[in-house]
Amino acid sequence: MIPRILEPESMEGPDEVAQYDAMDHRAVNDRFTADFLAAHGPCRGGEIVDVGTGTARIPIALALADPMARIVGVDLAPAMLERAARNVEEAGLADRIRFIPGDAKLPHSLGDARFEAVISNTIIHHIPDPAPALATMFEHLEPGGTLMIRDLARPDDEETLAALVEQYAAGESAEARELFRASLHAALTVEEAAMLAATVGLPAGCVSRTSDRHWTLLWKQPD
Ligand SMILES: C[S@@+](CC[C@H](N)C(=O)[O-])C[C@H]1O[C@@H](n2cnc3c(N)ncnc32)[C@H](O)[C@@H]1O
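Residues numbered from 1 in each chain as written. Predicted model: local features only at pLDDT ≥ 70, side-chain atom pairs only at ≥ 80, totals over all residues. Heavy atoms only, no water.

The pairing of strand β2 (residues 70–75) with strand β3 (residues 97–101) spans five bridges and is parallel. Its bridge partner being in β3, Asp 75 is matched across the sheet by Pro 101. As for the winding sense of the linkage, the β-α-β connection from β2 through helix α4 (residues 78–91) to β3 is right-handed. (Pairing = 2+ DSSP bridges. Helix = DSSP H or I, 4+ residues; strand = E, 2+ residues; numbered from the N terminus. Right-handed = clockwise from strand over helix to strand, strands pointing away.)

With that settled, the discussion passes to the site of the ligand. Around the ligand, a shell composed of 21 residues is seen, among which Glu 9, Tyr 20, Gly 52, Asp 75 and Asn 121 lie nearest. In the model, an oxygen atom of the ligand is placed 2.8 Å from a nitrogen or oxygen of the Asn 121 side chain. Bound to the protein, the ligand loses 98% of the 600 Å² it would expose on its own. Class assignment for the residues of the shell around the ligand results in nine nonpolar, eight polar and four charged. (Near = heavy atom within 4 Å. Polar contact = N/O pair within 3.5 Å; in protein donor to acceptor, adjacent residues only side chain to side chain. Areas by Shrake-Rupley, 256 points an atom, 1.4 Å probe, with all protein chains shown as cover. Nonpolar A, V, L, I, M, F, W, Y, C, P; charged D, E, K, R; others polar.)

Overall, mixed pairing links the seven strands, which are arranged β3-β2-β1-β4-β5-β7-β6 in an open sheet. Only two strands of the sheet have a single partner each, and these edge strands are β3 and β6 (207–211). Between one strand and the next, the sheet's axes are offset by a mean angle of 20 degrees, whatever the strand orientation. Here four bridges tie β6 to strand β7 (residues 214–220), and the two strands are oriented antiparallel to one another. Directly across from Arg 209, in β7, lies its bridge partner Trp 215. Strands β2 and β3 of the sheet are contacted by α4, whose axis makes an angle of about 170 degrees with β3. (Axes fitted to C-alpha atoms, helices over the stretch in contact; angles between N-to-C directions. Contact = heavy atoms within 4.5 Å.)

Another point: empty space enclosed by the protein. Per the stated rule, a full pass over the model turns up one cavity of 30 Å³ or more. Estimated volume of the largest cavity: approximately 50 Å³. Lining the largest cavity, in full, are Val 51, Val 74, Asp 103, Ala 104, Ser 109, Leu 110, Thr 136 and Met 137. Taken together, the residues of the lining of the largest cavity break down into five nonpolar, two polar and one charged. (1 Å grid on protein atoms, 1.4 Å probe; cavity = no way out; pocket = protein on both sides within 12 Å on 5 of 7 lines; lining within 4 Å. Points joined across faces, edges and corners; volume = space filled by probe spheres on them.)

What follows deals with the layout of surface pockets. In this structure, the largest pocket occupies an estimated 990 Å³ of space. Elements supplying a minimum of two residues to the lining of the largest pocket: α1 (14–22), α2 (26–40), β1 (47–51), α3 (57–65), β2, β5 (141–152), α6 (158–169) and α7 (174–186). Tallying contributions element by element places α2 first for the lining of the largest pocket, with five residues. Estimated volume of the second largest pocket: approximately 210 Å³. What lines the second largest pocket is simply Asp 21, Met 23, Asp 24, His 25, Arg 26, Asn 29, Asp 30, Arg 57, Ile 60 and Ala 61.

As structure tokens, then:
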């Protein structure tokens, strides 16, 4: 088992933001959106919060896939939110996607609001102790709501990690390949993600491996 090696939590610098936004995540974003809608069903018109929204590629994909989707994106990094707002404007979706700056680790960072769904993609690996962030996501879920968190899964050994970088980032820049490699190193294993779920009382079965490089936590809050 390779150790977890952390990477910086917030993605702040303009270069880092531009580089992240230039990477082609369409396939994983579309899969995230399709899996979310399959689990949640059609959006009901309430707000959905995307925690660690980055440059808002998932909110945009979701709003395009479901005309009833309304999303609020939250992120720690102002530079990410600036680019996110520009992307949403360009997509013509500013009437259905809004943003608030916030730190998911802080309790009540979204005020008292409860959301139709709480979604989050590839932020857990940025957070040294992600338990408080999961607690925040959980506390903002309304009855009947869907919680879907997906992240990279740390491989068992360096050979598997190198093979994943080769398979999925071969066509990217050297910096982007390095970012992917560092993110795989910083990720939780599937077993660690199940232990994380237990910190808010969720059963281990709500976490599963959903690709050769991802785990997903999926939970429907009882009505
Ligand atoms: C790898 S990016 C993923 C962005 C987006 N979810 C996506 O799938 O494209 C991780 C994002 O999480 C944000 N982030 C990290 N820690 C956070 C925290 N504690 N609260 C809110 N956002 C956070 C970073 O600033 C960054 O924008």
